[in-house]
Each structure stands twice: as structure tokens, then as C-alpha cells.
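Fold and geometry: a report
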Amino acid sequence: MRILVTNDDGYLATGMQVLAEAAAELGEVQVVAPDREQSATSHSLTLHHPLRARQMETGMFVVDGTPTDCVVLAIGELLSERPDFVLSGVNHGQNLGDDVLYSGTVAAAMEATILGIPAVAVSYTGADDRDTRLWKDALVALLRQVLREGFPRDTLLNVNLPAIPPEQLAGVRVTRLGRRAYMGSLTRARDPSGREYFWIGGGESRWWGGEDSDFEAVRAGYVSVTPLHLDLTNYRLLDSIRSWDLAL
Ligand code: MN
């Protein structure tokens, strides 16, 4: 089994090291990762400048692009053989609910899915990503089970680890995406020379979702596993929108 590991926190991230170590117990690992932090780059692809890939002594490729670029380059050019499986993470920070739409970690797994390779995105909801080290054995066990199942087509798994030591883990829950709203996360201010600027980030967030949501699972001390697919069609509304009889 050949496994490609990538992330959006950059090639030096502890979480990715942990994921690569866990993957190494399941197959032959190749890492292709961004050369710097690329969090919240979503599914962006670099089109307007060249990309460079540097191979490190460890064999890892470091790319000056986004997580999506990494997956595209890895599968298209860098790897001698197509991977059987793609793992992205372990992200430093949660990717729950609406976060998945901004996440570079999830986007890398989405890109693999588009290219027809089963993928899992993994994120750690705690504040200190060094704590991901504690999760290595649990990740090996979880990934082994996932690999054993026939992986569904056109679907990726979004895994979030709760911010607790693994020995306190309540279990694993298969969940749906919750919702999240940010408050006060847009700052408008002036720089030292008096020019106005805006800064997105910080502030507070509030989430909501039912018992079966990803947020509720990690809050209750479970590993959350959410199957995601890339078809954004709102099937429930198809008939209703058709009844509008839109015409030109
Ligand atoms: Mn990240």
C-alpha cells in the first residue's frame, strides 16, 4: 500500500510528522507538503507562477504552493507510482462544520478524491499541536480500520480528534457537519502611517448542530468521522426550483 501524506500547515508541522509516522505502520509513505503555512487556502490552485519542488534528504518533497498544488504535483509528476491512499493533516486546529469550506487540509483530501484516490483529512481540535504525538497509536488503529473497509467512491473522510488525552477518549462517532458563526473576527483599523486596513481572524465563534454533529462529538470527547462528498447539488430543492419554470 502506497500512502501520500500532505498538509496545509507546512512541511515542518508536528501533526504531519505524526500522521506520516502512523501511515508508515500501514504502508509505504511519501510526503509532499507545502514549504510554509497554507491554512485557510481552501482548494486554491496556483496558475500564475511556476511551482518548485525540492526533495529533502528524508525523501520528502517540499513545494512552494498550496495543499492542492502538492496533491496535483505528487500524483501527476513527483511520485513514481500512484498512491493508493492520501492522508492530509494532522491539522493544527479543528476543521469542523463550515470550517471544511476554508480548510487547506480538507481541500488536499478533496483533490485526491477528484483524482480518484481515497483520502482522509485529519485535524486536532486542541491548542497545542505537539499533543498530536499522543494520538499516533490511535491514528494507526483508526486508519487501519478505514483501509480495511471498501472505501466509498467520491467520498472523503473528515476526522477530528478531540482536545483530550487519548486515554480519556469516549469512542468514535460518525457525524454530520455542524454550523459555525464567527463574531468580531473582522478588524478595521489604521496602520502607523494612517492608512486603513482590514484583518480577518480572531474574535469568537459559536457553533450549533444536533447530537449527531461533528462539533458535538468532539465536545463530548469522541473522535468525529464525517463522510464528505464533493457534489454540492441541493437535491432536496431540485423539484422546487424546477417548479419556478425559469425560462429565457
Ligand atoms: Mn492548517
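To be clear, the structure that these remarks concern was listed above.
Below, the structure is looked at part by part. Just so it is clear, the structure is predicted and the values come from calculations on it, not from any experiment. Numbers given for residues are sequential positions, taken from 1 along each chain in its written order. Totals for whole chains, interfaces and linings use all residues, but because this is a predicted model, local features are given only for residues with pLDDT of at least 70 and pairs of side-chain atoms are given and counted only at 80 or more. To obtain the side-chain values, all non-hydrogen atoms of the structure were used and water was disregarded.

1. With respect to the overall build of the protein chain
Across its full length, the protein chain holds 6 helices and 13 strands. Principal-axis analysis of the C-alpha atoms places the extent of the protein chain at approximately 50 × 50 × 50 Å. Only protein chains enter the accessibility calculation, which uses a 1.4 Å probe; a residue is then buried when its area is under 20% of its type maximum, exposed when over 50%, and partly exposed in between. A total of 248 residues make up the protein chain; the buried ones form 45% of that total. The criterion used for residue contact is that any of the two residues' heavy atoms lie within 4.5 Å. In the protein chain, the proportion of contacts linking residues at least 24 apart, taken out of those at least 6 apart, comes to 76%. The distance from the centre of the 22 positive side-chain charges to the centre of the 33 negative ones in the protein chain is 3 Å. Only DSSP runs of H or I covering at least 4 residues are called helices, and only runs of E covering at least 2 are called strands; the numbering of each starts at the N terminus. A positive count includes Lys and Arg, and a negative count includes Asp and Glu. His and the chain ends are not counted in either. Every charge is mapped to an atom, namely NZ of Lys, CZ of Arg, CG of Asp or CD of Glu.

2. Concerning the nonpolar core
Residue types Ala, Val, Leu, Ile, Met, Phe, Trp, Tyr and Cys, when buried and joined through side-chain atoms within 4.5 Å, form a set referred to as a nonpolar core. Counting 31 residues, the largest nonpolar core has Val5, Leu87, Val120 and Leu161 as its most contacted members. Counting residues per element, the ones that place at least two in this core are β1 (2–6), α1 (14–24), β2 (28–34), β5 (85–92), β6 (119–124), α4 (136–148), β7 (155–161) and β13 (222–229). Take this core: its biggest share by element is 6 residues, from α1. Those residues in contact with Val5 that lie beyond four places of it in its chain are Met16, Leu19, Ala20, Ala23, Val29, Gln30, Val31, Val32 and Leu87. Ranked by size, the runner-up nonpolar core spans 22 residues in total, among them Ala74, Ile75, Val106 and Met110.

3. Quick look at the coordination of the manganese ion
In an ideal octahedron of six donors the angles at the metal are 90 or 180 degrees, and in an ideal tetrahedron of four donors they are 109.5 degrees. All of the protein donors around the manganese ion are Asp8 (OD), Asp9 (OD), Ser39 (OG) and Asn91 (OD1); their distances to the metal are 2.1 to 2.2 Å. Because no water is among the atoms considered, metal sites can look incomplete, with donors defined as N, O and S atoms within 2.8 Å of the metal, or 3.2 Å for Na, K and Ca. Counting gaps between the donor residues of the manganese ion yields the pattern D-D-x29-S-x51-N. Highlighted residues: Asp9 in the loop between β1 and α1 and Asn91 in strand β5, separated in sequence by 82 residues. The exposure class assigned to Asn91 is buried, which follows from its relative accessible area of 6%.

4. Details of α4
The periodicity of an α-helix, 3.6 residues per turn, causes residues three or four places apart in sequence to face the same way. Given a rise of 1.5 Å per residue, 13 residues ought to cover 18 Å, and the 18 Å separating the end C-alpha atoms of α4 matches this to within 8%. Looking at α4, one finds that the buried residues are Leu139, Val140, Leu142, Leu143 and Val146. The secondary structure elements touched by the buried residues of α4 are α1, β5, β6, β7, β8 (171–174) and β13. Expected span, for any helix, means 1.5 Å times one less than how many residues it has.

5. Quick notes on the packing of aromatic side chains
Stacked, edge-to-face and tilted labels apply to pairs of Phe, Tyr and Trp rings (six-membered ring for Trp) whose centres lie within 6.5 Å, assigned for plane angles under 30 degrees, over 60, and everything in between, in that order. Applying the stated rule across the entire model yields 3 aromatic pairs. Between Phe85 and Phe151 the ring centres are 5.8 Å apart and the planes differ by 85°, which places this aromatic pair in the edge-to-face class. Linking Phe85 in strand β5 with Phe151 in the loop between α4 and β7, this pair joins segments that are 66 residues apart in sequence. Between Trp207 and Phe215, the ring centres sit 5.0 Å apart and the planes meet at 10°, which makes this aromatic pair stacked.

6. Observations concerning the sheet that holds β5
Only strands joined by at least two bridges in the DSSP assignment are considered to pair. Strand order in the open sheet formed by 9 strands is β3-β4-β2-β1-β5-β6-β7-β13-β8, with mixed pairing between adjacent strands. On the outer flanks of this sheet lie β3 (53–55) and β8, each paired with one strand and no other. The average undirected angle you get between the axes of adjacent strands in this sheet is 20°. Every axis corresponds to a line fitted to the C-alpha atoms, with the helix fit spanning only the stretch in contact, and the corresponding angles, defined between N-to-C directions, vary from 0 to 180 degrees. Docked against the sheet, helix α2 (residues 67–78) engages β1, β2, β3 and β4 (61–63), running at close to 135° with respect to β2. α4 contacts β5, β6, β7, β8 and β13 of the sheet and is inclined by roughly 150° relative to β5.

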